[in-house]
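Given next are the chains, with one letter for each unit.
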Amino acid sequence: MAKLKLGILGSGSGSNMQSIVDAIEAGTLDAEVKIVLTDVPGAKILDRAAKHSLEATYLDCAPWKTKLEGPAEDRCIEIMKAAGVDTVVLAGFMRIVKPKLLAAFPNRVINIHPAILPSFPGVHGWTQALDYGCKVAGVTVHFVDAGTDSGPIIVQKTVPVMEDDTPETLHARIQVQEHIAYPEALNIIASGKYRIEGRRVRIG
Ligand code: GAR
């Protein structure tokens, strides 16, 4: 299979992008990062991108606060296409992506969510799991569809919930698994050895 050409969208620290870049640099993921976009001016993901000499820029998504739509969506698609992106990676991107972006990259928009879906979609999945009283929590990497955190699942990993966990300690434990899960999921896509059958991603 050809090397994946990644376009990364993130809103925060960018630790998931870092795990992907580290895997590429270690030679364990056959991919290259073509462009990094953030909807948050000054987000730490931009500093991380700069350290690795990756092309990265701020994408103004106004007037919407929770979705990527309208001129910003058009601009995003334009930038990604111009950069030669074939796979869009949502790495802590805190906006809903809409059908136009999905249509521009069919079955090639991937998301990481900090919960064992279909439980706890939306924001702060780890806090939702803690508040619910779950004894396990975790992470899901999935293809993005038109719903919220509802697309076919590629990889899931669990972590235990400890008696003395706070949202912060649980999220930190989940993030360790996120940084394993995202490169693993992208490797599956890079291998080409999978097929999407309804909700199921059949691997191998
Ligand atoms: C991660 O925990 C990711 O799962 C979560 O945001 C964090 C971003 O961390 N994403 C979502 O909640 C998406 N709904 P990072 O910026 O360090 O990669």
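(A) How the structure looks around the side chain of Asn 111. The residue Asn 111 is located in strand β7 (residues 109–113) in this model. At 3.3 Å, the side chain of Asn 111 forms a polar contact with the side chain of Asp 149. Dropping the residues within four chain positions of it, Asn 111 is found in contact with Leu 90, Thr 140, Val 141, His 142, Val 144, Asp 149 and Tyr 182.

(B) Representation of the site of the ligand. Around the ligand, 14 residues are found, and the nearest of them are Gly 14, Ser 15, Asn 16, His 171 and Glu 178. One nitrogen or oxygen atom from the main chain of Gly 14 is found 2.8 Å from an oxygen atom belonging to the ligand. One of the side-chain nitrogen or oxygen atoms of Ser 15 is found 2.5 Å away from an oxygen atom of the ligand. Here the ligand, which alone exposes 450 Å², has 90% of that area covered by the protein. Cavity membership is defined here by more than half of the atoms lying within 2 Å of grid points; on that basis the ligand lies in the largest pocket. Of all elements in the fold, only α1 (15–26), β7 and α6 (167–191) reach the threshold of two or more residues within the shell around the ligand. Counting residues per element, the shell around the ligand draws most heavily on α6, at 3 residues.

(C) Region of interest: the pattern of salt bridges. One pass over the structure, following the stated rule, counts 11 salt bridges. Residues Arg 95 and Asp 39 are paired through a salt bridge, measuring 2.7 Å at the closest nitrogen-oxygen approach. Of this pair, Arg 95 sits in the loop between β5 (87–90) and β6 (96–97) while Asp 39 sits in the loop between β2 (31–38) and α2 (44–51); the two residues are 56 residues apart in sequence, bridging distant segments of the chain. Accessibility expressed as a relative area gives 10% for Asp 39, which makes it buried. Close ionic contact of Glu 197 with Arg 195 constitutes a salt bridge, the shortest N to O distance being 2.7 Å. The class of Arg 195 is partly exposed, set by a relative accessible area of 42%. Through salt bridges with shared partners, a single network forms among Arg 195, Glu 197 and Arg 202.

(D) View of the pairing of strand β11 (residues 200–203). Bridge count for strand β10 (residues 194–197) against β11 is 4 bridges, and the pairing is antiparallel. Bridging from a neighbouring strand, Ile 196 pairs with Val 201 of β11. Linking two consecutive strands that pair antiparallel, namely β10 and β11, is a turn of 2 residues; a positive phi of about 60° is found at Gly 198 within it.

(E) Examining α2 more closely. Taken residue by residue, α2 has Ile 45, Arg 48 and Ala 49 as its buried positions. Projected down its long axis, α2 carries its buried residues within an arc of 100°, all on one side. For α2, exposure combined with an orientation more than 90 degrees from the buried face picks out Ala 50 and Lys 51. Packing partners of the buried residues in α2 comprise β1 (4–10), α1, β2 and β3 (56–58). Ser 53, located one to two residues past α2, shows a positive phi value of around 55°.

(F) Here's a closer look at the sheet that holds strand β9 (residues 153–160). Spatially, 7 strands are ordered β3-β2-β1-β5-β7-β8-β9 in an open sheet, and the strand pairing comes out mixed. Since the sheet does not close on itself, it has two edges, and those belong to β3 and β9, each with one partner. Put simply, the sheet's adjacent strands are angled 20° from each other on average, direction ignored. For β2 and β3, the ladder comprises 3 bridges, and the chain directions are parallel. Within β3, the residue paired with Leu 37 across the bridge is Thr 57. In this fold α1 packs onto β1, β2, β5 and β7, with an angle of close to 160° to the strand it touches most, β2. Those strands touched by α6 are β1, β5, β7, β8 (136–143) and β9, and its axis lies near 155° from that of β9.

Procedures and definitions
Residues numbered from 1 in each chain as written. Predicted model: local features only at pLDDT ≥ 70, side-chain atom pairs only at ≥ 80, totals over all residues. Heavy atoms only, no water. Helix = DSSP H or I, 4+ residues; strand = E, 2+ residues; numbered from the N terminus. Polar contact = N/O pair within 3.5 Å; in protein donor to acceptor, adjacent residues only side chain to side chain. Contact = heavy atoms within 4.5 Å. Near = heavy atom within 4 Å. Areas by Shrake-Rupley, 256 points an atom, 1.4 Å probe, with all protein chains shown as cover. 1 Å grid on protein atoms, 1.4 Å probe; cavity = no way out; pocket = protein on both sides within 12 Å on 5 of 7 lines; lining within 4 Å. Sits in = over half its atoms within 2 Å of the grid points. Salt bridge = Lys/Arg side-chain N within 4 Å of Asp/Glu carboxyl O. Buried < 20%, exposed > 50% of the residue type's maximum accessible area, 1.4 Å probe, protein only. Pairing = 2+ DSSP bridges. Arc of directions from axis to C-beta. Axes fitted to C-alpha atoms, helices over the stretch in contact; angles between N-to-C directions.

Take it as geometry only, folks, not as evidence of what the structure does.
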